[in-house]
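Descriptive structure summary
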Amino acid sequence: MAAFLRQAMLDPSLKQDTHSYNDEMNGRRVEEVPQEIGEAPILNALDSGVHQQAAEMDDNLSTKSVKSLSLSESIHEDPKEDATRIHELLEQRIHKPPVVAEGKRRPSMDKDFRNIEGTAIAAILCARTNKERIEIARIFMILYGKDLLDTIRHVFTGELGELLQALLDTPARYDARQLHRAITSTNVLTGLSTKDSTLIEILCTRDKHEIQNIRREYRRLFGSYLEHDLSKVTWSHLMHLFMWLVVGARDDSAQVDEKMAFEDAHALWRGTEGVGFDATLYNVVLSSQSFPQLRAVFAEYKKYSEIDALLAVDDEFSGDHKVALKTIIMNVNGDLPIFFARRLHGAMHGLVRHDTTLTRILVTRSEIDLNQIKQMYERLYCKSLEADITSHCVSSYRDGLLALVRAH
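Every value quoted in this text rests on a predicted model; they were computed, and no experiment measured them. (Residues numbered from 1 in each chain as written. Predicted model: local features only at pLDDT ≥ 70, side-chain atom pairs only at ≥ 80, totals over all residues. Heavy atoms only, no water.)

1. With respect to the overall build of the protein
Rules: Helix and strand definitions here come from DSSP, where helices need a minimum of 4 consecutive H or I residues and strands a minimum of 2 consecutive E residues; each element is numbered from the N-terminal end. Burial classification: accessible surface area is computed with a 1.4 Å probe over protein chains only, and a residue below 20% of its type maximum counts as buried, one above 50% as exposed, and the rest as partly exposed. Residue contacts are defined here by distance: any two heavy atoms, one from each residue, within 4.5 Å place the two residues in contact. For accessible areas, the Shrake-Rupley method is used with a probe of radius 1.4 Å. Any residue's cover is judged against the shown protein chains and nothing else.
Regarding its fold elements, the protein presents 24 helices and zero strands. Considering the protein as a whole, with its 408 residues, one finds that 50% of them fall into the buried category. Partitioning the intrachain contacts of the protein with sequence separation of at least 6 by distance along the chain shows that 75% fall at a separation of at least 24. In the form shown here, the protein has an accessible surface area of approximately 19200 Å², with 53% of it arising from carbon and sulfur atoms.

Now the structure itself:
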């Protein structure tokens, strides 16, 4: 089927109904998710949907004449060229004979040699936006009848394979996978504080709409509700904070109620400095108020107590709950580049290198604030992010990360 599809794309006589075919493909690849999570079908749109597309395409070809599969009218040439080049590299990688060790050749040298194609694929993908990479995957499916993400998953393993898979996933789906990985991990210690650090990094730095998209993708992929699974691995105040964030309690209005800000600031101060410590109040305010409203609350708090809200939380709270609240405050204040720079440094300078954290931060922030993160990293540690990656990472994985950092 793949050969016939390529011929159809290149045949100028088969240009009828191009847009109807592309619209059909686009509609299935980026399907609107129902507003009610309970009604959403439990499926992986990227992993299994493309196989359904291929089966339906075969059925259509057998029952009626083929109409145009040309992409020239709907996209520019680069995605098609990228898809073709990636296919060539994958074929080289798949059919490359095993490397025969000579003398005392180190296994790592053989592994790096066999990942030359992976480095080249990473260079292509890192130079593209997420939207462009999804388009490359769509064209790859049309040209070769294969799901690019599935193919990458089977061909490349280890850190490089994880990086390539992350690049080809949508942001919401990738975050959902990362949350599930953290939730189901049997190892409490994941290299950076506790396993909750991954949950905090994602849930406390995404906005309301991003979290709702993650929640829906989680339901699609794993057949369970994110809040239900979180409740099984987190406890007490941290669990309650996560619940508020996941259900989308945050107000997204741009209006600021000065009177409410004054009242909330005084309530927060009384909850920490007065009689009876009230951690629940902090959870409710920080997870439900809009960012403009919270900035007004923090200003009133500092005016009244003569201490910054971030320092107050640092003094009064402990453990992962403190980290989560501080992360939200940094998000509100626009200080996430500091947060992520510290996370990246910890991932490379801990007892062990934490590659999953490195990959996740660099991929998810590459189109948001990676330049600011790089600047903050150098300011905080007097060494560039590129230099640290070069020093602490190796082989094709290092080259892939550097390509991503340099592209943005």
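2. Regarding the packing of aromatic side chains
For clarity, the cut-off: What counts as a ring pair is set by centres within 6.5 Å for rings of Phe, Tyr and Trp (its six-membered ring), and what kind of pair is set by the plane angle: stacked under 30 degrees, edge-to-face over 60, tilted for all other angles. Only lysine NZ and arginine CZ atoms are considered, and such an atom sits over a ring when it is within 6 Å of the ring centre and within 35 degrees of the ring normal.
Scanning the model with the defined rule gives six aromatic pairs in all. Across the ring face of Tyr 225, the terminal group of Arg 219 is positioned such that the distance to the ring centre comes to 4.1 Å.

3. Considerations on the environment of Ala 254
Relative to the helices and strands, Ala 254 resides in the loop between α14 (236-246) and α15 (258-273). Judged by its relative accessible area of 62%, Ala 254 is exposed. As for Ala 254 and Ser 290, which are separated by 36 residues in sequence, their C-alpha atoms are 7.3 Å apart.

4. Quick notes on the pattern of salt bridges
Stated formally: One side-chain nitrogen of Lys or Arg within 4 Å of one carboxyl oxygen of Asp or Glu is enough to make a salt bridge.
Under the counting rule described, the total for this entry stands at 23 salt bridges. Its salt-bridge partner being Glu 91, residue Lys 146 comes within 3.8 Å of it at the nearest N-O pair. Remark: Glu 91 occurs in helix α4 (residues 77-95) and Lys 146 occurs in the loop between α7 (130-144) and α8 (148-155); sequence separation between them is 55 residues. Glu 201 is the partner of Arg 360 in a salt bridge, and the nearest nitrogen-oxygen pair spans 2.8 Å. Of this pair, Arg 360 sits in helix α21 (residues 355-364) while Glu 201 sits in helix α11 (residues 196-203), and the two are 159 residues apart along the sequence. With respect to class, Arg 360 is no different from Glu 201; both count as buried. Residues participating in the shared-partner salt-bridge network are Asp 169, Arg 173, Arg 177 and Glu 217.

5. Description of the nonpolar core
This is how it is decided: Remark: nonpolar core denotes a set of buried residues (Ala, Val, Leu, Ile, Met, Phe, Trp, Tyr, Cys) joined through side-chain atoms within 4.5 Å.
Core analysis: the largest hydrophobic core is formed by 52 residues, its most contacted members being Ile 86, Leu 90, Ile 121, Leu 148, Leu 164, Leu 362 and Ile 389. A per-element tally of this core places helix α20 (residues 336-349) first, with eight residues. Those residues in contact with Ile 389, other than ones at most four positions away along the chain, are Met 348, Leu 362, Arg 398, Leu 401, Leu 402 and Val 405. The next biggest cluster of nonpolar side chains, apart from the first, holds 45 residues, and it includes Ile 183, Ile 211, Leu 226 and Leu 230.

6. A word on the side chain of Asp 355
Quick note on the threshold: Polar contacts, as used here, are pairs of N or O atoms within 3.5 Å; protein pairs need one atom able to donate a hydrogen and one able to accept it. Residues neighboring in sequence count only if both atoms are side-chain atoms.
Within the secondary structure layout, Asp 355 lies in helix α21. Accessibility expressed as a relative area gives 13% for Asp 355, which makes it buried. Among the polar contacts made by the side chain of Asp 355, one reaches the side chain of Arg 353 at a distance of 2.4 Å. Here Asp 355 is in contact with Glu 159 and Tyr 397, once residues within four sequence places are set aside.

7. Description of α21
Of all the 10 residues making up α21, 10 are buried; the element is thus mostly covered by neighbouring parts of the structure. Among the residues making up α21, those that are buried are Asp 355, Thr 356, Thr 357, Leu 358, Thr 359, Arg 360, Ile 361, Leu 362, Val 363 and Thr 364.

8. As for the confidence of the model for the protein
Rule in force here: pLDDT is defined as a per-residue confidence score from the predictor, taking values between 0 and 100.
Looking at the protein, pLDDT values average 80 and 73% of them are 70 or higher. Of all the helices and strands in the protein, helix α1 (residues 2-10) carries the lowest mean pLDDT, 38, while helix α22 (residues 370-381) carries the highest, 98. Counting interchain partners and residues more than four positions distant, the pLDDT-below-50 stretch residues 100-114 has 14 contacts. Every residue in residues 188-193 is under pLDDT 50, and counting partners more than four places away or in other chains gives 14 contacts.

9. Some words on empty space enclosed by the protein
Over the atoms, a rolling probe the size of a water molecule traces out where space has been left empty. Here is the rule: The definitions used throughout rest on a 1 Å grid laid over the protein atoms alone, on which a cavity is an enclosed set of points accommodating a 1.4 Å probe that cannot get out and a pocket is an open set flanked by protein within 12 Å on both sides along at least five of seven lines; lining residues are those having an atom within 4 Å of a point. Grid points are joined across faces, edges and corners, and a volume is the space filled by probe spheres set on the points. Side-chain classes are defined by residue name, with Ala, Val, Leu, Ile, Met, Phe, Trp, Tyr, Cys and Pro counting as nonpolar, Asp, Glu, Lys and Arg as charged, and the others, Gly among them, as polar.
If you walk through the whole model with that rule in mind, you get one cavity of 30 Å³ or more. If you add up the space inside the largest cavity, you get close to 90 Å³. Around the largest cavity, the lining is made up of 15 residues, and of these Leu 203, Arg 206, Ile 211, Leu 245 and Arg 250 lie nearest the centre. Those elements that place two or more of their residues in the lining of the largest cavity are α12 (208-222), α14 and α19 (319-332). Classifying every residue of the lining of the largest cavity gives eight nonpolar, three polar and four charged.

10. Details of the environment of Asp 169
Tracing the backbone through its elements, the reader meets Asp 169 in the loop between α9 (158-168) and α10 (171-184). With relative accessibility at 3%, the residue Asp 169 sits in the buried group. Remark: the alpha-carbon pair of Asp 169 and Asn 130, spanning 39 residues in sequence, is separated by 7.9 Å.

11. Comments concerning unusual backbone geometry
At Ser 236, a position not held by glycine, the phi torsion is positive, near 55°. Residue placement: Ser 236 occurs in helix α14. Judged by relative accessible area, which is 47%, Ser 236 ranks as partly exposed. Look at Glu 306: it is not a glycine, yet its phi comes out positive at around 60°. In this structure, Glu 306 sits in the loop between α17 (291-305) and α18 (309-316). In this structure Glu 306 comes out as exposed when scored by relative accessible area, which is 73%.

12. Regarding α12
Definition in use: In this scheme, a helix's expected span is set at 1.5 Å multiplied by one less than its residue total.
With 15 residues, α12 extends 21 Å between its outermost C-alpha atoms, agreeing within 8% with the 21 Å of an ideal straight helix rising 1.5 Å per residue. Packing partners of the buried residues in α12 comprise α10, α11, α13 (226-233) and α14. One side-chain oxygen of the residue at the start of α12 lies 3.1 Å from the amide nitrogen of His 209, identifying that residue as Asp 207. Of the residues flanking the end of α12, it is Gly 223, one or two places downstream, whose phi is positive at about 70°.

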